[in-house]
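The lines below spell out each chain.
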Amino acid sequence: MSRATELIVDIETLTDGFLLRPHGDVDMARSPAFRAKLTEALKNVPARLVVDLALVPYMDSCGLATLIEALQITRAQKIKLIVCNLSARVRSVFELSRLTTVLTVVDNHEQALLA
Amino acid sequence: MSRATELIVDIETLTDGFLLRPHGDVDMARSPAFRAKLTEALKNVPARLVVDLALVPYMDSCGLATLIEALQITRAQKIKLIVCNLSARVRSVFELSRLTTVLTVVDNHEQALLA
Amino acid sequence: MKSDLPAPHLETCILSRPELLAPVRAMLEELAGRIGFDETACGHLALAIDEALTNIIRHGYNNNPDQNIWISAWELSDPTGLRIQIDDLAPQVEVSQLKGRDLDDIRPGGLGVHLIHSLMDLVQFSKRPGGGMRLIVEKYQPAKITSPL
Amino acid sequence: MKSDLPAPHLETCILSRPELLAPVRAMLEELAGRIGFDETACGHLALAIDEALTNIIRHGYNNNPDQNIWISAWELSDPTGLRIQIDDLAPQVEVSQLKGRDLDDIRPGGLGVHLIHSLMDLVQFSKRPGGGMRLIVEKYQPAKITSPL
Ligand SMILES: Nc1ncnc2c1ncn2[C@@H]1O[C@H](COP(=O)(O)OP(=O)(O)O)[C@@H](O)[C@H]1O
Ligand SMILES: Nc1ncnc2c1ncn2[C@@H]1O[C@H](COP(=O)(O)OP(=O)(O)O)[C@@H](O)[C@H]1O
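Residues numbered from 1 in each chain as written. Chains lettered and ligands numbered in written order. Predicted model: local features only at pLDDT ≥ 70, side-chain atom pairs only at ≥ 80, totals over all residues. Heavy atoms only, no water.

Glycine aside, the phi torsion of most residues is negative, and most peptide linkages are trans. For the peptide bond that leads from Asp78(C) to Pro79(C), omega is -5°, which places it in the cis range. Within the fold, Pro79(C) resides in the loop between β2 (68-76) and β3 (81-88). One non-glycine residue with positive phi stands out, namely Lys78(A), at about 55°. Checked against the element boundaries, Lys78(A) lands in the loop between α3 (61-76) and β4 (80-84). You can call Lys78(A) exposed: its relative accessible area is 74%. Phi is positive for Arg98(B), which is not a glycine, with a value near 60°. (Helix = DSSP H or I, 4+ residues; strand = E, 2+ residues; numbered from the N terminus. Buried < 20%, exposed > 50% of the residue type's maximum accessible area, 1.4 Å probe, protein only.)

All right, on to the packing of aromatic side chains then. Per the stated rule, a full pass over the model turns up zero aromatic pairs over all chains. When the ring centre of Trp74(D) is taken as reference, the NZ or CZ atom of Arg83(D) above it lies at 6.0 Å. (Phe/Tyr/Trp six-rings, centres within 6.5 Å; stacked < 30°, edge-to-face > 60°. Lys NZ or Arg CZ within 6 Å of the ring centre and 35° of its normal.)

A word on the site of ligand 1. All names here are of chain C. Neighbouring residues of ligand 1: 14 residues in total, closest Asn55, His59, Lys99, Gly110 and Val113. The contact in question runs from an oxygen atom of ligand 1 to an N or O atom on the backbone of Gly110, over 2.7 Å. Here Gly112 contributes a backbone N or O atom positioned 3.2 Å from an oxygen atom of ligand 1. If ligand 1 stood free it would expose 530 Å²; the protein chains cover 79% of that surface. Secondary structure elements with two or more residues in the shell around ligand 1: α2 (39-60) and α3 (112-119). It is α2 that contributes the most residues to the shell around ligand 1, four residues altogether. Among the residues making up the shell around ligand 1, the classes are represented as five nonpolar, eight polar and one charged. (Near = heavy atom within 4 Å. Polar contact = N/O pair within 3.5 Å; in protein donor to acceptor, adjacent residues only side chain to side chain. Areas by Shrake-Rupley, 256 points an atom, 1.4 Å probe, with all protein chains shown as cover. Nonpolar A, V, L, I, M, F, W, Y, C, P; charged D, E, K, R; others polar.)

Time to look at the packing of helix α2 (residues 31-43) of chain A against α3(A). All names here are of chain A. Viewed as axis vectors pointing N to C, α2 and α3 meet at an angle of 15°, and their least axial separation amounts to 9 Å. Classified by the angle between their axes, α2 and α3 sit roughly parallel to one another. Our pair here, α2 against α3, has a crossing hand that is right-handed. Facing Ser31, Phe34, Arg35, Leu38 and Leu42 of α2, the residues of α3 in contact are Cys62, Gly63, Thr66, Leu67, Glu69, Ala70, Ile73 and Thr74. Classifying every residue of the contact of α2 with α3 by side-chain character gives seven nonpolar, four polar and two charged. (Axes fitted to C-alpha atoms, helices over the stretch in contact; angles between N-to-C directions. Parallel < 35°, antiparallel > 145°, perpendicular 65-115°, else oblique. Left-handed = near helix turned anticlockwise from the far one by under 90°. Contact = heavy atoms within 4.5 Å.)

With that settled, consider helix α4 (residues 88-96) of chain B. Residue pairs three or four apart in sequence face the same way in an α-helix, which turns once every 3.6 residues. Along α4(B), the positions that sit buried rather than exposed are Val90(B), Ser92(B), Val93(B) and Phe94(B). Those residues of α4(B) that are buried lie in contact with α3 (61-76), β4 (80-84) and β5 (104-106) of chain B together with α2 and α3 of chain C. Arg98(B), located one to two residues past α4(B), shows a positive phi value of around 60°.

With 25 residues of chain A in contact, the opposing surface of chain D contributes 31 residues. Summed over both partners, the interface of chain A with chain D buries about 2100 Å², with 63% contributed by carbon and sulfur atoms. Interface area lost by chain A to chain D is led by Met28(A), Arg89(A) and Leu96(A), which between them contribute 29%. If you look at where chain A meets chain D, you find five salt bridges. Residue Asp27(A) pairs with Arg25(D) through a salt bridge whose shortest N-O separation is 3.0 Å. Connecting chain A to chain D are eight residue pairs in polar contact (both at pLDDT 80 or more). At the level of elements, α1 (2-5), α3 and α4 (88-96) of chain A are the ones that each hand at least two residues to the side of chain A that touches chain D. (Buried area = accessible area lost by both parts, 1.4 Å probe. Salt bridge = Lys/Arg side-chain N within 4 Å of Asp/Glu carboxyl O.)

Another aspect to go through is the sheet that holds β4(B). Residue and element names in this part refer to chain B. The five strands are arranged β1-β2-β3-β4-β5 in an open sheet whose pairing can be described as mixed. Unpaired on one side and paired on the other, β1 (9-14) and β5 mark the two borders of the sheet. With direction set aside, neighbouring strand axes in the sheet form an average angle of 20°. In terms of strand pairing, β1 meets strand β2 (residues 17-22) through six bridges, oriented antiparallel. Bridge pairing in β2 places Ile11 opposite Leu20. (Pairing = 2+ DSSP bridges.)

Residue and element names in this part refer to chain D. In the vicinity of ligand 2 there are 14 residues, among which Asn55, His59, Leu98, Gly110 and Val113 approach most closely. Gly110 places a main-chain nitrogen or oxygen 2.7 Å from an oxygen atom of ligand 2. In isolation ligand 2 exposes 530 Å². Once the protein is present, 80% of that is buried. Per-element tally for the shell around ligand 2: the top contributor is helix α2 (residues 39-60), with four residues. Across the shell around ligand 2, the residue classes break down as five nonpolar, eight polar and one charged.

That's the geometry; what it means functionally is another story.
Structure representation (structure tokens):
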């Protein structure tokens, strides 16, 4: 089931880093692909990594675990990790998991570039 | 399962009849409710009955059968029956069933009032 | 409800109630989408299965809401696609009776079997050896056009 | 996978593969929506089930893709809601081991069991008498507030 585990991720180059925009649900099937894209972007040690979740209607604890892993890497390397554009559904998973207290979560793209 | 068989239908009064706008899938579970709303509107013998499918993402042969029944009543009573705002999906069911040849199907609301 | 194939990727048993058809459609559409079918093909698959289930509830089980229907799905490779098998324990009918009206004779009903045939790439009705009817349908993904060079 | 309850409205058996979780979520969300749960509640239900299935695949079956998981659903009345039972045939573990990390100790993993508990109104893990584990969860619709007068 190729498409089931693939994850399309748009990548934009920012003046000080990258913006990643995954498309679709990030669940157990797709979080390995999500991790691979994050790892790839982090290899370049950017100053800023923005994860734009505008096109992610659903994320489960596998997606959250992947973001927490990325957070640990970015903290060690002094990279700014910013997550933006959470749908109400995804935001509620972040809040239930208390991730909003450790991850920089902002409303939109513009705020993500300034944060 | 009340909500499963219920069908919300907006009803607007036109100068020469009614416009019905059902909300949601019209399938085996919901076509009896659809039939009831059509029958109710036809009781008043309007000159025109517009069925606006803008909010119907899915319709199966039960929904089509209900429309064909309505067509038979409206033909007998010289009522204009017009269906509008079909999504690509619903349009393809109409075409496969050759209903576009007997039912007056128009693109939008405005055309439905003039047809 | 065993068949000769390997275990299906997914097998669902529902009670014969119209309100359970939408959940089954949603599941199969999502499955088809994840396998790579485009939106139109997903919709067509869901409609064909919905028509088959509607017929079983209405004609096979005479609207009795407490009977069982089994839906099994296999992913196919070469060609990539989906095989879906629908089993019931309704009174058996001759396969030749499973046909719709003339499409030009417009009247309510008589469209379901036509839709199933026009939406799917393979349609096979049969009497189950153990009683009841079986429908097997398959839908394939359009082959990727590869240059002969 | 029999239980003491009447026949479930819907019962699905899937192979233990991550790509089959989305179709199951879609089915249960649609079922919950048709019963009258609002969008948020439908999403919460789907997430809780997804977390349970993820754990079975990862911890119960150690990512072996050819095992079975059974998901059964019953509509509840009084209070209106859904009961979902998930059965596996994985090695049995002590129910006391099924718990997540301290929520304030932020690290990857350890969130699934917390999410299941916070999203559902009843959560009951048990060892199945015939082998494997069983999870029963229930979610109710908020009662309509009726005036005492
Ligand atoms: N599952 C079934 N069991 C028994 N008879 C069936 C079944 N499916 C279809 N049929 C028969 O085939 C006919 C055509 O079915 P269909 O094209 O779906 O139209 P309709 O259901 O509106 O009559 C039905 O009227 C019925 O006699
Ligand atoms: N279905 C299961 N079978 C066996 N062990 C389980 C199962 N579900 C959960 N567990 C145990 O409970 C722990 C906590 O699960 P969870 O909160 O989902 O976090 P995670 O899966 O990320 O470790 C797991 O690490 C595992 O030891």
